[in-house]
There are 2 protein chains.
Amino acid sequence: MHGAVRELEAEVGRDSLTVPLIAQRAGVTPSTVYRRWGDLQELLSDVAVERLRPEGAPGDHGDFSADLAAWAEQFLDEMASPAGRAYTRDVLLGDPEGGNAGRCSAYAVEQIEVIVTRAADRDEAAPDVETVIDAVVAPMMYRILFRPDGLDAAYARRLVGRLLGPADQ
Amino acid sequence: MHGAVRELEAEVGRDSLTVPLIAQRAGVTPSTVYRRWGDLQELLSDVAVERLRPEGAPGDHGDFSADLAAWAEQFLDEMASPAGRAYTRDVLLGDPEGGNAGRCSAYAVEQIEVIVTRAADRDEAAPDVETVIDAVVAPMMYRILFRPDGLDAAYARRLVGRLLGPADQ
């Protein structure tokens, strides 16, 4: 079903997707789709959360500050793109229980855990994961949703700089 | 129209609202509603953003740290409540252009501006408004939407404490 949504999205665009169209492409009846997903928004939320899954571990740039800055910059670039915004919106819209939103947040947590663990392996001091979420991930996601101005690489690096303080710059 | 939505929401619940029902209560035809709002989600987004408008200026507690902590605690309490969550969701859902989301963010900015200006009047040092948004408002709103665990008054105060550092506690 995810494949059918992705194909049709590319062919007819996100706004023209309907359950009958998706069902036809997937070779099932619309009622099969409704039994599993309730409505189109729930299906699109499940597809979007898969699209937002990170493709690999964050890069190793030699120290915690560089690792986190590079990851934050890439995360912002992806999430603030038109596709990233549309998927984030879809995740929230078709997800009244918050399961998919939690999954998105868990993706970021997993990536930051890798960066923090790598810092510990190098005997570097690093803030805990939840602090990084508050100081770096949350401002980027808040601004994407509510206040989308000035979201460039410099902003991502500024958040990391503020978290780590001048000594770590 | 806002009054009709509020009345019906109280009587039949948020999930039973329909455009014909709202139009009937407001004494207009459904097409009048559709001409102005496009669909139910857009109407509910406009109603929700009005509900989230702050009712007055933040309280004066004598210094910047106390003012910001008290405001953050109250903001989190309201926004993380079932009603606050439902309105935030409605704002985002019926607002593809982001105008209502921007309005919500502007409410928080205005409140923080009052607190920061009051600090300046007292000759206190205070971070700028956008830094307070990143460090205090964004983590609360991010967690409400994506990661809603442990959202209590202590969390709000911890964010303010982290922003101001041990010297200001």
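All of these numbers come straight from a predicted model, not from anything done at the bench.

(A) Main features of the UniProt feature "domain: HTH tetR-type" (unreviewed entry) in chain A. The positions UniProt marks with the feature "domain: HTH tetR-type" (unreviewed entry) are residues 1–55 of chain A. Secondary structure content for residues 1–55 of chain A is 71% helix and 0% strand, while the C-alpha to C-alpha distance between its ends is 21 Å.

(B) Layout of the relation of the copies chain B and chain A. Turning chain B through 180 degrees and shifting it by 0.0 Å along the axis lays it on chain A, with an RMSD of 0.0 Å. Here the copies are linked by what is in effect a two-fold axis. Interface overlap between copies is the fraction of interface residues in one copy that are interface residues in the other; for chain B against chain A it reaches 100%, indicating a shared surface.

(C) Just the side chain of A:Asp46, in detail. Residues and elements named next belong to chain A. Mapped onto the elements of the fold, aspartate 46 is located in helix H4 (residues 40–51). Buried within the structure, aspartate 46 lacks any salt-bridge partner; arginine 36 is the closest side chain of opposite charge, at an N-O distance of 4.0 Å. Those residues in contact with aspartate 46 that sit more than four places away from it in its chain are His2, Arg36, Trp37 and Asn100.

(D) Focus on the UniProt feature "DNA-binding region" (unreviewed entry) in chain A. This chain's UniProt record puts "DNA-binding region" (unreviewed entry) on residues 18–37 of chain A. Here residues 18–37 of chain A runs as 80% helix and 0% strand, with 13 Å between its end C-alpha atoms.

(E) Fine view of the interface of chain B and chain A. Tallying the contact residues gives 29 residues for chain B and 29 residues for chain A. Three residues stand out in chain B for area buried against chain A, namely B:Asp134, B:Tyr142 and B:Phe146, and they jointly supply 28% of the buried area on that side. Between B:Arg162 and A:Asp134 there is a salt bridge, and its shortest N-O distance comes to 3.1 Å. For the pair chain B and chain A, the number of links is 18 residue pairs in polar contact (both at pLDDT 80 or more). Elements represented by at least two residues in the side of chain B that touches chain A include exactly helix H6 (82–93), helix H7 (99–121), helix H8 (129–146) and helix H9 (153–164) of chain B. Residue contributions to the side of chain B that touches chain A peak at 12 residues, all from H8(B). Its residues assigned to classes, the side of chain B that touches chain A shows 17 nonpolar, 5 polar and 7 charged.

(F) Looking closely at the packing of aromatic side chains. Residue and element names in this part refer to chain A. Scanning the model with the defined rule gives 4 aromatic pairs over all chains in all. Taken together, a centroid distance of 4.8 Å and an interplanar angle of 25 degrees make the contact between tryptophan 71 and phenylalanine 75 stacked. Taken together, the residues span about one helical turn, with tryptophan 71 and phenylalanine 75 both in helix H5 (residues 64–79) at a distance of 4 residues. Here phenylalanine 75 falls in the buried class, since its relative accessible area comes to 13%. For arginine 36, the ring lying beneath its charged end belongs to tryptophan 37, and the centroid distance is 4.5 Å.

(G) Spatial organisation of the environment of A:Asp95. Inspection of the secondary structure assignment puts A:Asp95 in the loop between helix H6 (82–93) and helix H7 (99–121). The class for A:Asp95 is buried, based on a relative accessible area of 9%. Considered as a pair, A:Asp95 and A:Asp46 are 49 residues apart in the sequence and their alpha carbons are 8.5 Å apart. Beyond its immediate sequence surroundings of up to four residues, A:Asp95 is in contact with A:Ser45, A:Asn100, A:Ala101 and B:Arg89. A polar contact is formed between the side chain of A:Asp95 and the backbone nitrogen of A:Asn100, at a distance of 3.1 Å. In this structure the side chain of A:Asp95 is engaged in a polar contact, spanning 2.9 Å, whose partner is the backbone nitrogen of A:Ala101.

(H) Highlighting the packing of helix H2 (residues 19–26) of chain B against helix H3 (residues 30–37) of chain B. All names here are of chain B. In the contact formed by H2 and H3, the axes pass within 8 Å of each other and the chain directions differ by 110 degrees. One finds that H2 runs roughly perpendicular with respect to H3. Contacts from Val19, Pro20 and Ala23 in H2 reach Pro30, Val33 and Tyr34 in H3. Here the contact of H2 with H3 is composed, by residue class, of 6 nonpolar, no polar and no charged.

(I) Region of the structure containing the packing of helix H1 (residues 2–12) of chain A against H4(A). Residue and element names in this part refer to chain A. Running from N to C, H1 and H4 cross one another at 85 degrees; their axes reach a closest spacing of 10 Å. It follows that H1 is roughly perpendicular to H4 by the angle criterion. The segment H1 lies against H4, with His2, Val5, Arg6 and Glu9 engaging Leu43, Leu44, Asp46, Val47, Glu50 and Arg51. Taken together, the residues that form the contact of H1 with H4 break down as 4 nonpolar, 1 polar and 5 charged.

(J) Looking closely at H4(A). All names here are of chain A. With 12 residues, H4 extends 16 Å from end C-alpha to end C-alpha; this agrees with the ideal 16 Å at 1.5 Å per step. All of the buried residues in H4 are Leu43, Leu44, Ser45, Asp46, Val47, Ala48 and Val49. The N-cap residue of H4 is aspartate 39: its side-chain oxygen and the backbone nitrogen of glutamine 41 are 3.1 Å apart.

(K) Region of the structure containing H6(A). If you check H6(A), its first and last C-alpha atoms are 16 Å apart, about what 12 residues at 1.5 Å a residue would give, namely 16 Å. Among the residues of H6(A), A:Gly84, A:Tyr87, A:Thr88, A:Asp90, A:Val91, A:Leu92 and A:Leu93 are the ones counted as buried.

(L) Geometry of the side chain of A:Asn100. Residue and element names in this part refer to chain A. Structurally, the position occupied by asparagine 100 is in helix H7. One polar contact links asparagine 100 to serine 45, side chain to side chain, over a distance of 2.8 Å. Side chain to side chain, asparagine 100 and arginine 103 meet in a polar contact 2.5 Å long. When residues no more than four places from it in sequence are discounted, the contact partners of asparagine 100 are Ser45, Asp46, Val49, Val91 and Asp95.

The rules we used
The residue numbers shown here count from 1 along each chain, following its written sequence. Lettering for chains starts from A, numbering for ligands starts from 1, and both go in the order in which the items are written. Only residues with pLDDT of at least 70 get local features here, since the model is predicted, and only at 80 or more are side-chain atom pairs given and counted; chain-wide, interface and lining totals rely on the full set of residues. To get the side-chain values, take all heavy atoms of the structure and skip hydrogens and water. UniProt positions are given in the numbering used here, feature names are shortened, and annotations may be inferred rather than shown by experiment. Counting from the N terminus, the helices are DSSP H or I runs at least four residues long and the strands are E runs at least two residues long. For the least-squares superposition of copies, only C-alpha atoms count, and only for residues with pLDDT at least 70 in both. Whether two residues touch is decided by their heavy atoms; if any such pair falls within 4.5 Å, the residues are in contact. Exposure classes here rest on a 1.4 Å probe applied to the protein chains alone. A residue is buried below 20% of its type maximum, exposed above 50%, and partly exposed in between. For this count, His and the chain ends are skipped, Lys and Arg are scored as positive, and Asp and Glu as negative. Salt bridge, as applied in this entry: a Lys or Arg side-chain nitrogen positioned within 4 Å of an Asp or Glu carboxyl oxygen. Simply put, the buried area is the total loss of 1.4 Å probe accessible area from both parts when two parts are fitted together. Residues adjacent in sequence count toward polar contacts only when both atoms are side-chain atoms; beyond that, a polar contact is any pair of N or O atoms within 3.5 Å, and within protein one must be able to donate a hydrogen and the other to accept it. Each residue receives one of three labels: charged for Asp, Glu, Lys and Arg, nonpolar for Ala, Val, Leu, Ile, Met, Phe, Trp, Tyr, Cys and Pro, and polar for the others, Gly being one of them. Aromatic rings from Phe, Tyr and Trp, taking only the six-membered ring of Trp, are treated as a pair when their centres fall within 6.5 Å; an angle between ring planes under 30 degrees marks them as stacked, one over 60 as edge-to-face, and anything in between as tilted. Criterion for a charge above a ring: Arg CZ or Lys NZ at most 6 Å from the ring centre, at most 35 degrees from the ring normal. Fitted lines through C-alpha atoms serve as axes, helices being fitted only where they are in contact, and the angles separating the N-to-C directions of these axes extend from 0 to 180 degrees. Just so you know how the angles are binned, under 35 degrees is roughly parallel, over 145 roughly antiparallel, 65 to 115 roughly perpendicular, and the rest oblique. A helix is expected to span 1.5 Å multiplied by its residue count minus one.

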